[in-house]
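In case you want the letters, here they are:
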Amino acid sequence: MALSRDALWPRSGDWPAAGPDASGGAIDLGLIGIPTWRTSLSATGAAATPAAVRAALRYYSEFLSPDRGVRAGARLATTFADWGDVADPDADEAAAISAVAAAAARTRLLVALGGDNAATVPAALGTWGDRVGSAGLVTLDAHHDLRDGVSNGSPVRRLVEAGLAGRRVVQVGIADFANSAEYSARAADYGITVIHRDELHRRPMADVMAEALGIAGSAGGPVHVDIDVDVCDRAVAPACPASVPGGIAAWELRAVVRAAGAHPSVESIDFAEVDSTADAADGRTVRLVALCVLEAAAGLEARP
């Protein structure tokens, strides 16, 4: 069904591609699709998700409510651009890293749309470049992602092996019955800070994110935030193959992303593990990711 048109209700998502732009000007928030899927541990159609998120952005405006916006009652002033999708990032990860690096060089905050969680590796390494030694990582995820091999279950281990210090990794939302004793021990051996799902019942999300971002940014380097949407309750995120009942709520995820966008050390965010082809009929998972893109932009506007 075609969306309604109203000159007084402009829609989000009508953003130019950055590639043809010859001006070389800086961009506030950039999008890049990293449609990984080939190494997924679960059958997935996640390669279709970046396009689905872009389409879902059209359901929303860029208006910030008077009691919520940085500039009360105004449209986002953020300059957006879209670099399109990396071609077959599973087959050529080096090319994906290079594409991310080119986009990140011109962007205050780069948002990568996965793809499964394998997208986190090129998203982070491409943004960090040779600063990996001072970089930090925050994951919102029910899983440790420390598996052996190359898959959507291994990105955190691979980043540590690439030079990321485990003591500057914080994992928020790790859940019972979603991991193993071996990988939990590996997280401890790496020095990773784990904030369990149950702890989120007792602490405000703003406090959790302040702690996580403080640890990840403690060396003064760039921070990447990995939003594995399966951290959410399965009722919220049915398009995530590994989401479980009892995950976080949609409002909590939105608060996390706005906090990440507002933090000066955060240079990149990825959204991963959504299979748009398996979403509920109302598209709730994809629509949540699209809203989170806008939350990242709203957070960015709160920076000094």
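Calculation criteria
- Residues numbered from 1 in each chain as written.
- Predicted model: local features only at pLDDT ≥ 70, side-chain atom pairs only at ≥ 80, totals over all residues.
- Heavy atoms only, no water.
- Helix = DSSP H or I, 4+ residues; strand = E, 2+ residues; numbered from the N terminus.
- Buried < 20%, exposed > 50% of the residue type's maximum accessible area, 1.4 Å probe, protein only.
- Contact = heavy atoms within 4.5 Å.
- Lys, Arg positive; Asp, Glu negative; His and termini not counted.
- Charge placed at Lys NZ, Arg CZ, Asp CG, Glu CD.
- Phe/Tyr/Trp six-rings, centres within 6.5 Å; stacked < 30°, edge-to-face > 60°.
- Lys NZ or Arg CZ within 6 Å of the ring centre and 35° of its normal.
- Axes fitted to C-alpha atoms, helices over the stretch in contact; angles between N-to-C directions.
- Parallel < 35°, antiparallel > 145°, perpendicular 65-115°, else oblique.
- Left-handed = near helix turned anticlockwise from the far one by under 90°.
- Salt bridge = Lys/Arg side-chain N within 4 Å of Asp/Glu carboxyl O.
- Core = buried A, V, L, I, M, F, W, Y, C linked by side-chain atoms within 4.5 Å.
- Pairing = 2+ DSSP bridges.
- Nonpolar A, V, L, I, M, F, W, Y, C, P; charged D, E, K, R; others polar.

Examining the overall build of the protein chain
Alright, step 1. Each helix and strand in the protein chain was counted, giving eight helices and eight strands.
Alright, step 2. Each principal axis of the C-alpha atoms in the protein chain carries an extent, and together these give about 55 × 40 × 35 Å.
Alright, step 3. A burial count over the protein chain gives 53% of its 304 residues as buried.
Alright, step 4. For the protein chain, the share of sequence-separated contacts (at least 6 apart) that also reach a separation of at least 24 residues comes to 78%.
Alright, step 5. For the protein chain, the distance from the average position of its 26 positive side-chain charges to the average position of its 38 negative side-chain charges is 5 Å.

Remarks on the packing of aromatic side chains
Alright, step 1. Here the structure, examined in full by the defined rule, presents one aromatic pair.
Alright, step 2. Aromatic pair Trp 15 and Phe 80: ring centres 4.0 Å apart, planes at 5°, arrangement stacked. Placement of Trp 15 in the segment before strand E1 (27-34) and of Phe 80 in strand E2 (residues 80-85) is noted, with a sequence separation of 65 residues between them.
Alright, step 3. Trp 15 gets classed as buried once you look at its relative accessible area, which sits at 14%.
Alright, step 4. Residue placement shows Arg 287 over the ring face of Tyr 59; its charged tip is 3.7 Å from the ring centre.

Quick look at the packing of helix H6 (residues 205-216) against helix H7 (residues 250-262)
Alright, step 1. The contact between H6 and H7 brings their axes to 10 Å, and the two run at 40°. The angle between H6 and H7 places the two elements in the oblique class. The handedness of the crossing between H6 and H7 is right-handed. The segment H6 lies against H7, with Met 205, Met 209 and Leu 213 engaging Glu 252, Val 256, Ala 259 and Ala 260.

Quick notes on the pattern of salt bridges
Alright, step 1. Within the structure shown, the criterion is met by 13 salt bridges.
Alright, step 2. Residue Glu 161 pairs with Arg 157 through a salt bridge whose shortest N-O separation is 3.0 Å. Of this pair, Glu 161 and Arg 157 both sit in helix H4 (residues 155-161), four residues apart, which is roughly one turn of the helix.
Alright, step 3. When its relative accessible area of 55% is taken as the criterion, Glu 161 is described as exposed.
Alright, step 4. By relative accessible area, Arg 157 is classed as buried at 9%.
Alright, step 5. Between Glu 211 and Arg 203 there is a salt bridge; the shortest N-O distance is 2.9 Å.

Digging into unusual backbone geometry
Alright, step 1. Following Gly 114, the chain continues into Gly 115 via a peptide bond in cis, with omega recorded as 20°.
Alright, step 2. Positive phi is not limited to glycine here, since Asp 145 has a value of about 55°.
Alright, step 3. Inspection of the secondary structure assignment puts Asp 145 in the loop between strand E4 (136-140) and H4.
Alright, step 4. Overall, Asp 145 belongs to the buried group, its relative accessible area being 8%.
Alright, step 5. Its identity as a non-glycine residue notwithstanding, Glu 273 has a phi of 70°, on the positive side.
Alright, step 6. Locating Glu 273 in the fold gives a position in the loop between strand E8 (266-272) and helix H8 (284-301).
Alright, step 7. The exposure class of Glu 273 is buried, given its relative accessible area of 7%.

Re helix H3 (residues 120-128)
Alright, step 1. Counting buried positions along H3 gives nine out of nine residues, so the element sits mostly inside the fold.
Alright, step 2. Every buried residue of H3 is listed here: Thr 120, Val 121, Pro 122, Ala 123, Ala 124, Leu 125, Gly 126, Thr 127 and Trp 128.

Describing the nonpolar core
Alright, step 1. Formed by 56 residues in total, the largest nonpolar core has its most connected members in Leu 29, Ile 227, Phe 271 and Val 293.
Alright, step 2. With residues near it in sequence (within four places) discarded, Val 293 still touches Trp 15, Leu 29, Leu 31, Val 53, Leu 57, Val 111, Leu 113 and Phe 271.
Alright, step 3. Of all hydrophobic cores here, the second largest spans 14 residues; its members include Val 121, Leu 125, Trp 128 and Leu 137.

Structural notes on the pairing of E1
Alright, step 1. With eight of its eight residues buried, E1 lies for the most part within the structure.
Alright, step 2. With four bridges joining them, E1 and E2 adopt parallel strand pairing. Looking across to E2, one finds that Gly 30 is bridged to Ala 81.

Considering the packing of helix H2 (residues 93-104) against H3
Alright, step 1. Here H2 crosses H3 at 50°, and the two axes come no closer than 7 Å. As summarised for this structure, H2 and H3 are arranged oblique, according to the angle between their axes. When you trace H2 past H3, the crossing you get is right-handed. Here Glu 93, Ala 96, Ile 97, Val 100, Ala 101 and Ala 104 of H2 come into contact with H3, specifically with Val 121, Pro 122, Ala 123, Leu 125, Gly 126 and Thr 127.
Alright, step 2. Split by residue class, the contact of H2 with H3 holds nine nonpolar, two polar and one charged.

Here we look at the sheet that holds E8
Alright, step 1. Strand order in the open sheet formed by eight strands is E2-E1-E3-E8-E7-E4-E5-E6, with parallel pairing between adjacent strands. What marks the edges here is a single partner per strand, and that holds for E2 and strand E6 (193-196). Direction aside, the axes of adjacent strands within the sheet are offset by 15° on average.
Alright, step 2. Bridge analysis of E4 against strand E7 (residues 223-228) gives five bridges, and the strand direction is parallel. Each bridged residue has a counterpart across the sheet, and for Thr 139 the counterpart in E7 is Asp 226.
Alright, step 3. Against the sheet, helix H1 (residues 49-56) engages E1, E2 and strand E3 (107-114), with an angle of about 120° to E3.
Alright, step 4. Against the sheet, H6 engages E4, strand E5 (169-174), E6, E7 and E8, with an angle of about 150° to E4.

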